[in-house]
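Chain residues, written in single-letter form:
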Amino acid sequence: MRPRRATTTTLLPVVLFVAAGAGFSATFLGGTFTIDLPNQFAAGQPARAAEVNANFVTIVTAVENRAVDGDARLDDIANPDNLIVVSSEGGDFTSVADALASITDASDTNRYLVHVGPGVYDETQTSTVPSFVTLRGAGPNASVVRTSLGGNSAGAGSSAVVLETDGAIEDIAIENDGATQNSFAISGIDLSRETRIANVVARCDGTAGIGHTVISVTDSDVTVIDSVLTASGGTTVNTGFTSIDSGGIFAQPLLRGCEIDAEGASNGIGLFVGRTSATVVDCNVTGDFRAMSANQFGTSTIRHSRMATSSPNVPVYEQTNLAEIHSGFVQIFGANPQGASFRFRFRFCIDNNFNEFTGN
């Protein structure tokens, strides 16, 4: 099954008005500017409707002009010195990897936006998104970062993009069609909850190689929302999302509103979690072999989602008699979930025929 494209969410701007003498000070998209109103009113004095309406028209016009003023909007989002444009023509860089590598002083108080214009960017090395940097495209159907990298493990040299904690990847497509060893679209270690992957279409779809994993994270609480992850072509394993905790406090990644598809009747796993307590909400997860496989420890939660596999394979599987999977309002498509001691807790779930799921 080929997944649907990612959902794009539009957020309305918030405008904060503060009285300032004869006018108002307005905060819009992070910047502040002054609006001079044609009419002023005092307590106890009547206000004509026409005068009040004139004030509102002035405010609306000023905000709309601010919204379409490209230079002002960029000033509001990021200091111009911290905006880097990647484009085949007229940008600061033509390579995404080079643009990101040029950033050496990003911090919580000195954030960067790397904007990737429309086009396909064939990269020969890993693009590393540093902490406090946002890599943002013009939409996943417009801006594509593509590599053919592979290696023994996730990280630089085998991943199209490495994401560092508190960084973000948004509105872009990431592809790795590597056909040797293991290939990854996005990988990261020790990622915080504030680390975001949003409205991203990511693929690992080389026609050979040992394993293809779209997103691989270790010891991470990363947030992945409204994204499409597709894995195929690996001879040993194809995985949409993998989370492993190396032995500390269980990792707690969050996936919301995602389409995940892992192909391969004997090796396609949509979600693989080990020592991880993942939260999966409003997702459509398909794995030809497993929709989700839980290993070692951790208690994962699935809500308002669809977990599907090719019958007679098991869609949700607990491998070790130690992990648990709690589900509510989930459609289980394929055989019944199972595991070493059936550590699958469910409520208000249905099977592929829309009957209430009762388990084994």
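Parameters at a glance
- Residues numbered from 1 in each chain as written.
- Predicted model: local features only at pLDDT ≥ 70, side-chain atom pairs only at ≥ 80, totals over all residues.
- Heavy atoms only, no water.
- pLDDT = per-residue confidence, 0-100.
- Contact = heavy atoms within 4.5 Å.
- Core = buried A, V, L, I, M, F, W, Y, C linked by side-chain atoms within 4.5 Å.
- Buried < 20%, exposed > 50% of the residue type's maximum accessible area, 1.4 Å probe, protein only.
- Helix = DSSP H or I, 4+ residues; strand = E, 2+ residues; numbered from the N terminus.
- Salt bridge = Lys/Arg side-chain N within 4 Å of Asp/Glu carboxyl O.
- Phe/Tyr/Trp six-rings, centres within 6.5 Å; stacked < 30°, edge-to-face > 60°.
- Lys NZ or Arg CZ within 6 Å of the ring centre and 35° of its normal.
- Pairing = 2+ DSSP bridges.

Caption draft 1: Representation of the confidence of the model for the chain. Mean pLDDT for the chain: 83, with 80% of residues reaching 70 or above. Taken as a whole, residues 1–15 scores under 50 in pLDDT and shows 35 contacts with residues more than four places along the chain or in a different chain. Across residues 17–22 the pLDDT falls below 50, and counting only partners more than four positions away or on other chains, this stretch makes 12 contacts in the model.

Caption draft 2: Representation of the nonpolar core within the structure. Counting residues in each nonpolar core, the largest one holds 57 residues, and the members touching the most others are Ile174, Ile186 and Met307. Element by element, the count of residues in this core is highest for strand β13 (residues 196–204), at four residues.

Caption draft 3: Spatial organisation of the pattern of salt bridges. Per the stated rule, a full pass over the model turns up three salt bridges. When the shortest N-O distance is used, the salt bridge between Arg111 and Asp108 registers 2.6 Å. Using a relative accessible area of 49% as the deciding quantity, one classes Asp108 as partly exposed. Note that Arg146 and Asp122 form a salt bridge whose closest N and O atoms lie 2.6 Å from each other. Residue Arg146 is found in strand β9 (residues 143–147), and its partner Asp122 is found in strand β6 (residues 119–122); the two are separated by 24 residues along the sequence.

Caption draft 4: Structural view of the packing of aromatic side chains. With the rule as written, the count across this model stands at one aromatic pair. Ring centres of Phe250 and Phe297 lie 6.2 Å apart, and the angle between their planes is 15°; on these two criteria the pair is classed as stacked. Taken as a pair, Phe250 in the loop between β17 (237–244) and β18 (254–256) and Phe297 in the loop between β23 (290–295) and β24 (299–308) lie far apart in primary sequence, 47 residues in all. Note on Phe297: relative accessible area 35%, which makes it partly exposed. For Arg290, the ring lying beneath its charged end belongs to Phe289, and the centroid distance is 4.1 Å.

Caption draft 5: Spotlight on the environment of Val133. Turning to its location among the elements, Val133 is positioned in strand β8 (residues 133–137). The class of Val133 is buried, set by a relative accessible area of 1%. Separated by 22 residues in the primary sequence, Val133 and Arg111 have C-alpha atoms spaced 5.8 Å apart. Every residue in contact with Val133, bar those within four places of it in the chain, is listed here: Leu100, Ile103, Ala106, Tyr112, Val114, Asp166, Gly167 and Ala168.

Caption draft 6: Examining the pairing of strand β26 (residues 324–333) more closely. Along β26, seven of the 10 residues are buried, which leaves the element largely enclosed by surrounding structure. One ladder, built from nine bridges, connects β24 with β26; its direction is parallel. Bridge pairing in β26 links Ile302 to Ser327. Here β26 pairs with strand β28 (residues 344–347) via four bridges, running parallel. Following the sheet pairing, His326 is matched in β28 by Arg345. One ladder, built from two bridges, connects β26 with strand β29 (residues 350–351); its direction is parallel. Looking at the pairing, Ile332 lines up with Asp351 of β29.

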